[in-house]
Amino acid sequence: MGPPGAGKGTQARFVADHFGVPAISTGDIFRANVSQGTPLGVEAKRYMDAGEYVPDEVTNRMVRDRIDEPDAEPGFLLDGYPRTLDQVGELDGMIKHTGHALDAAVVLTVDPEELVQRLLQRAQTDGRADDTEDVIRRRQEVYTEQTAPLIEVYRERGILVEVDGMGEVDEVTTRIFDALDVIPES
Ligand code: ADP
């Protein structure tokens with residue numbers, strides 16, 4: 001977890017590689033569907049371009065299908081899901097069905113000013129449609145309203161791992177592995 005620009009996607013890949021599990025990014029799946037012009041992509045694009053969340057039932061169904069794939073059987077890392085209280089409940093139901101359990105919920109914390117800088121930088125290099133200043137601001141609001149409350153949910157469950165997301169990418173990676181009490185593969 002973490003606000004837009006916190007570095008979730010970057011760090012998710014390192015953590016998933018270490019554990020030999022797939023990194024399942026809802027944002028990446030939506031973007032792939034948008035570029036392929038699938039019905040899911042057409043539906044999702046309206047929301048993403050405005051900085052709003054895609055409706056829960058659409059997102060939940062997509063994640064359910066993805067974690068039912070054989071490569072997710074040994075485990076998986078979710079990047080960008082759950083983001084709402086409804087999704088928390090749905091995920092609990094899904095993994096009860098598949099026989100998995102949540103080991104950790106990692107949250108990356110970054111100064112708000114740094115977040116805006118990173119996203120404006122990414123806008124120049126990646127050209128993501130939702131990295132314009134107005135949409136960035138809306139995504140941050142939506143995160144604060146809908147996703148930040150999930151931090152307390154996972155804290156109460158005793159699986160919250162809070163990591164300082166400021167600094168270089170590899171410094172943050174080291175902090176995550178230290179917090180998860182594992183040694184990164186070189
Ligand atoms: P970021 O966290 O940097 O905003 P992501 O790539 O994770 O970017 O997500 C991009 C967009 O995809 C979100 O703004 C939202 O519209 C949609 N999205 C991703 N995950 C979810 C989710 N779990 N629930 C609803 N919408 C989602």
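Residues numbered from 1 in each chain as written. Predicted model: local features only at pLDDT ≥ 70, side-chain atom pairs only at ≥ 80, totals over all residues. Heavy atoms only, no water.

1. Some points on the pattern of salt bridges
In a structure, side chains of opposite charge can pair up when their charged atoms sit close to one another. Tallied over the full model, the rule gives 18 salt bridges. For the salt bridge of arginine 64 with glutamate 90, the shortest nitrogen-to-oxygen distance reads 2.9 Å. With a gap of 26 residues between them, arginine 64 in helix α4 (residues 56–67) and glutamate 90 in helix α5 (residues 85–98) connect regions that are remote in the sequence. On the basis of relative accessible area, arginine 64 is assigned to the partly exposed category, the value being 34%. (Salt bridge = Lys/Arg side-chain N within 4 Å of Asp/Glu carboxyl O. Helix = DSSP H or I, 4+ residues; strand = E, 2+ residues; numbered from the N terminus. Buried < 20%, exposed > 50% of the residue type's maximum accessible area, 1.4 Å probe, protein only.)

2. Structural notes on the environment of valine 42
Here valine 42 lies in helix α3 (residues 39–50). Its relative accessible area of 54% is what places valine 42 among the exposed residues. Along the sequence, valine 42 and phenylalanine 30 sit 12 residues apart, while their C-alpha atoms lie 9.5 Å from each other.

3. Focus on the packing of helix α7 (residues 133–147) against helix α8 (residues 149–156)
Look at α7 against α8: their axes get within 5 Å of each other, and the N-to-C directions meet at 35°. Listed contacts from α8 to Tyr143, Thr144, Glu145, Gln146 and Thr147 of α7 are Pro149, Leu150 and Ile151. Counted by class, the contact of α7 with α8 contains four nonpolar, three polar and one charged residues. (Axes fitted to C-alpha atoms, helices over the stretch in contact; angles between N-to-C directions. Contact = heavy atoms within 4.5 Å. Nonpolar A, V, L, I, M, F, W, Y, C, P; charged D, E, K, R; others polar.)

4. Notes on the environment of glycine 51
Mapped onto the fold, glycine 51 is located in the loop between α3 and α4. Taking the relative accessible area as the measure of exposure, glycine 51 reaches 3% and is therefore buried. Residues glycine 51 and glutamine 36, spaced 15 residues apart in sequence, show a C-alpha to C-alpha distance of 20 Å. In contact with glycine 51, not counting residues within four places along its chain, are Val135, Arg138, Arg139 and Val142.

5. Side note on the side chain of lysine 8
Secondary-structure assignment places lysine 8 in helix α1 (residues 8–19). For lysine 8, which is buried and forms no salt bridge, the nearest opposite charge comes from aspartate 79, at a distance of 5.2 Å. When neighbours within four sequence positions are excluded, lysine 8 is seen to be in contact with Met1, Gly2, Pro3, Asp79, Arg83 and Leu108. (Lys, Arg positive; Asp, Glu negative; His and termini not counted.)

6. Considering the site of the ligand
For the ligand, the set of nearby residues contains 19 residues, the closest of which are Thr26, Arg31, Glu52, Gly80 and Arg83. In this structure, an oxygen atom belonging to the ligand sits 2.5 Å away from a side-chain N or O atom of arginine 83. Relative to its free-state accessible area of 550 Å², the ligand is covered by the protein chains to the extent of 97%. The element best represented in the shell around the ligand is helix α2 (residues 26–36), accounting for four residues. Of the residues belonging to the shell around the ligand, the class tally is six nonpolar, five polar and eight charged. (Near = heavy atom within 4 Å. Polar contact = N/O pair within 3.5 Å; in protein donor to acceptor, adjacent residues only side chain to side chain. Areas by Shrake-Rupley, 256 points an atom, 1.4 Å probe, with all protein chains shown as cover.)

7. Digging into the packing of α2 against α3
Across the interface, α2 lies against α3 with an axial gap of 8 Å and an inter-helix angle of 115°. Viewed along their axes, α2 and α3 form a crossing whose handedness is left-handed. Contact with α2, carried on its side by Gly27, Phe30, Arg31, Asn33 and Val34, involves Leu40, Gly41, Ala44, Lys45 and Met48 of α3 and no other residues of that element. For the contact of α2 with α3, the class distribution of residues is five nonpolar, three polar and two charged. (Left-handed = near helix turned anticlockwise from the far one by under 90°.)

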